[in-house]
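Reading the structure
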Amino acid sequence: MRRNKIYTKIIAFSILFLSGFNLVSAQTPLYNETFTVSDGTTSSSNWSSTNFNTSWWSPFDVNSTQMRSFYSQGEDVWTSSSIDITNYSDLNISLDVSVGGWGINSSDYISAYYSLDGGNEILIQTISNNFSATTITLNNVQNNGSSNLTIIVKLRNDGWKSHYFDNVKVTGTLLDNDAIWRNNSWVNGIQPTIDKKVIIDYDYNTATQGSISALELIVEPGYTLTVDNETYVEVANDVTVNGNLIVETKGAFVQINDNGTFTGTGKVNKTTANKNAWYYYTYWGSPVSNMTVASAFPNVSSNRRYFFNAANFLDANNDGFDDNNNDWTIATGVSIMTPGTGYAVTSSSSSTFPGPDYITFEGTFNTGTITTPIIYTGDVSSADHPNLLGNPYASAINYNDFYNANSSIIEGVTYFWSQATPINANGKFSQNDYATYSVGMNAGVAGASGVIPNEFVPSGQGFFITAKANGTASFSNSMRAKGTTDNSQFFKTSTSKNNSNSSNSNKLWVNLSSDNGVFSQILVGYVDGATSDNDGLLFDAPKLESGEAAILYSTIINSSKRFVIQGKDVNSLTSDEMIPLGFKTTISEATMFTISIAQLKGDFLNGNAIYLKDKLLNTINDLSANDYTFTSEVGTFNDRFEIVFKSVTLSTETVALDANTVNILQKSQNNITFKVANNHTIKTIVIYDIQGRLIYQLKGNKNEETFNLPKLNQAIFIAKIELSNGALITKKAIKK
C-alpha cells in the first residue's frame, strides 16, 4: 500500500543509561540498524520480527529502507539482536518512528522496550492514537554489571495506515576501570582493589559494606564514607574528600605511598577507656593538621593541657620525676597541635565519672613523612631521657618499624600511660600506671590498668620513648597498620593463661595482685638476640617507680636495677633454669598478696610445670596449677622468690613440739616458747601458716620468749625469727 507522506509523523525515542561517573564524553557506536536490506525482508542477523497477521495485505517487513507494519489487526513485535554493552556506560538508544495513512483507531499504538541480559522487558514509552513528534529521555537508568542489551518494538494498527521505524542506534562510553559506589551497590559489579580508583558517590559504611583498598579515593559531595571499628580503608596514592570522611575509634585509614596527597578534611573520633575521675590524664597525638588544642579539647580547663619539654627534664636522684618540676609545660588553647608531638590532657571536670572521654579530631589528615625532634639532655646523672611523642596518623603505627627507622637516636622501649591509680598524698601519679613495650621482646607488660600493649600504637595515642642521642625522628606511611585489631590495643585485654605458639621464643607474664588493689606485672622472655646479662633497653626495660605500694620485678646479676621486662638467652631455658624475682611493699596494714601467671607463650613453657619458690618461707608452689598467696612486712626483698621448672625437696627443718627441742617448745595447749642460745636476743617473731598467711607478729628482748598463741591450729606453721644481730632464722614446726 502506498504511503501518504502528508500524514507522516516522526517520533524519536531515546534512552540514556547512566551507569558511570566522571567518564570521558566520547561515544562509541555499538549498534546501528538502517534496514538497507531488500524490501520484504522479515529478519536478519541483527533483528527478527513476528507478524500477527501473515496475509499478503498485512505485511510486517522492510519497505524502502524502513521497517513497516500495515493493518496488523493485532500486535507485531520487532526484536533486536543481543547488543554487547560490557564495560560501556552512558548508553544512548534512539529510533525514528513515523505513522502514515488514515483511519486512526483508539486501539492503535507503538511501544518501545529494553531488556538487560534477557531479563524483564522495561517499558520506555507507549504512544497511542494520533500523536505528534516528541523526544522522550529517561535518565539515570543504571547498568549494574549487565553484559547485553536488547531493544523491543511492539505496535498495532487496525486502521488503514502504516507504522514505520528506522535508524535504530545504540552508542556508549567505554568505562574506565573505576570502582564506583552508587545507590548502595558497586556500578557494573566492579569491586574496589588496590589497583583501581574508587569513587564514593553514595553513603558507605565499612561495618556493613566491607573494608576498602584503592589506588586513589574520591568521596563525592553530599555523601559520607565511614571507617567503622575494626575495619579499614587503605589508599595507595591520593585522597580527595569533597563530601565527608569519618574514622571511628578502632577504624584505620591508611595511605601507603609517602608522596600521596590528602585533599579536603575528615574526622577521627576517639573514645578512651573508662576513667575513674576527671583529673585522670590521657596522652594524645593529633592525626590531623592545623587543629588547635582548644578545638580538640574545648571543655578541658586551660591548666590541664600539657606538652612535655624534654630539654628541661633532669632526674639526678632517679625518682622518675623532674628535679626542677619544669618539664611539663602548658599547651595554650590557640597553639596548633604539632603532628608527632604528644600531649597530656585530663577530662572535663563537668563530665560524669566513671566514664570515657569522647574526642573528635577534625581537619586534613596527616600523611607521608612527619618529623619530630628528639632531645637528649646529656645529663649523665639522669637514668632516663624521656620524650613524649604522638602517633600522627588516622591509623595505628607499628612501633617496631618506627624504632628500626630511628634506632640511632631512640631506645627500643616505649611506655604507654594507662592511668588506673589515684594521685598519692604528695600529689604525684603512680609510675606503675605505665604499660611497657619492648622491641627486642616484641611484647609488652601491662600497667595498673591490666591491659598488655602490643607493637601497635593506636591513632591519636601519645607515648614516651627514651632518647639516646639528639636528632630528628621520622614517621612514614610504611609504618601504618590496617589490621582489624591493630588500632585497638588499649581497649582489648589479653588474659589467657595458655596462649601457645610455634615460635622458638618463650615468654612468661607474671602478675602480682592484692586484696586492696595492688597490680604489678612483669615479663621474662627467652628470645633471639638476648643474653642473660643486662642487654640494654632493647631487651631489658627497668621498672618505672615512684613510691608504688607494692611491685614485683626481676633482677639481673651485676645490676642494681629492677626490671619490668627481661630478655634472656633462648639456650638458657632448661629444666635447671632459675629466674630470680624481687618484691617490694610499703603497705603496713595486713594484706594478702597473690602471684599468678597472666599468660605464657612458647613450647617449653606450655610443656613444663612452672614453680614459684618462696625462699623466705622455704616453700614451693606449682604456679601452673595454683596461684600463690602470701603476706609480707614492709620492705624490699630482692631475692625472696624464684621461678623454677622442677620441684625440689626443701631443706627446712621440721621440729616436734612435744620433744626436748632446741628452738621451740610447746609448754601448754596455746603457750609456745621460742629459745635461742644465751649469747643472742630475740628481736621479732613472725608466724605464718603453711599457705603463707600471716598469723602473728611478735616482739621480744631476751633469748627465751613465751607467747600465748590461741590462733595456731593443730597444724604445721612457719616461724621467722629475727635476732638482735640482724640474723634471720626460719623454722617449720608442728603444733599438736
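Everything numeric in this text was worked out from a predicted model, so none of it was measured. (Residues numbered from 1 in each chain as written. Predicted model: local features only at pLDDT ≥ 70, side-chain atom pairs only at ≥ 80, totals over all residues. Heavy atoms only, no water.)

The subject of this paragraph is the sheet that holds strand S37 (residues 443-445). Reading across the sheet, the five strands line up as S33-S39-S35-S36-S37 and stay open at both edges, with antiparallel pairing between neighbours. Each end of this open sheet is capped by a strand with a single partner; those strands are strand S33 (386-390) and S37. In this sheet, adjacent strand axes meet at a mean angle of 30° when their direction is disregarded. Sheet topology places strand S35 (residues 410-417) next to strand S36 (residues 434-438); five bridges connect them, and they run antiparallel. Across the sheet, residue Tyr-415 finds its bridge partner in S36, namely Thr-436. Along the sheet, helix H3 (residues 399-406) makes contact with S33, S35, S36 and strand S39 (462-467), crossing S35 at roughly 145°. (Pairing = 2+ DSSP bridges. Helix = DSSP H or I, 4+ residues; strand = E, 2+ residues; numbered from the N terminus. Axes fitted to C-alpha atoms, helices over the stretch in contact; angles between N-to-C directions. Contact = heavy atoms within 4.5 Å.)

Attention now goes to the sheet that holds strand S15 (residues 185-186). Spatial strand order, S15-S14-S16-S19-S22-S25: six strands in an open sheet with mixed pairing. Lying at the two open borders of the sheet, with one neighbouring strand each, are S15 and strand S25 (262-263).

All of the buried residues in H3 are Tyr-399, Asn-400, Phe-402, Tyr-403 and Asn-406. Relative to the axis of H3, the buried residues are bounded by an arc of 160° and lie together on one face. Looking at H3, the residues exposed on the side facing more than 90 degrees away from the buried face are Asn-404 and Ala-405. Where H3 begins, the capping side chain belongs to Asn-398, and its oxygen is found 2.8 Å from the backbone nitrogen of Asn-400. (Buried < 20%, exposed > 50% of the residue type's maximum accessible area, 1.4 Å probe, protein only. Arc of directions from axis to C-beta. Polar contact = N/O pair within 3.5 Å; in protein donor to acceptor, adjacent residues only side chain to side chain.)

We now examine the confidence of the model for the chain. Averaged over the chain, the pLDDT score is 84; the fraction of residues at 70 or greater is 85%. Low pLDDT (under 50) marks residues 1-25, which in the prediction has 101 contacts with non-local residues, meaning those over four places away or in another chain. Taken as a whole, residues 490-502 scores under 50 in pLDDT and shows 39 contacts with residues more than four places along the chain or in a different chain. (pLDDT = per-residue confidence, 0-100.)

Membership of the largest hydrophobic core comes to 37 residues, with the highest contact counts inside it found for Ile-200, Leu-217, Leu-225, Phe-253, Phe-297, Phe-361 and Phe-365. Core analysis: the next-biggest nonpolar cluster, separate from the first, contains 34 residues, Val-510, Val-518, Leu-612 and Phe-645 among them. (Core = buried A, V, L, I, M, F, W, Y, C linked by side-chain atoms within 4.5 Å.)

This next bit is on the side chain of Arg-480. Within the secondary structure, Arg-480 sits in strand S41 (residues 480-481). Here Arg-480 sits buried without a salt bridge, and the closest side chain of opposite charge, Asp-258, lies 7.0 Å off (N-O distance). Polar contacts involving the side chain of Arg-480 include one to the main-chain carbonyl oxygen of Phe-253, which spans 2.6 Å. Excluding anything up to four places from it in sequence, Arg-480 contacts Phe-253, Val-254, Gln-255, Asn-366, Thr-367, Tyr-393, Ala-394, Ser-395, Ala-396 and Ile-397. (Lys, Arg positive; Asp, Glu negative; His and termini not counted. Salt bridge = Lys/Arg side-chain N within 4 Å of Asp/Glu carboxyl O.)

Counting buried positions over the eight residues of strand S56 (residues 682-689) gives seven, a clear majority of the element. Bridge analysis of S56 against strand S59 (residues 716-723) gives seven bridges, and the strand direction is antiparallel. Within S59, the residue paired with Ile-685 across the bridge is Ile-721. Pairing analysis gives five bridges linking S56 to strand S57 (residues 694-699), with the strands arranged antiparallel. Counterpart to Ile-687 in the pairing with S57 is Tyr-696.

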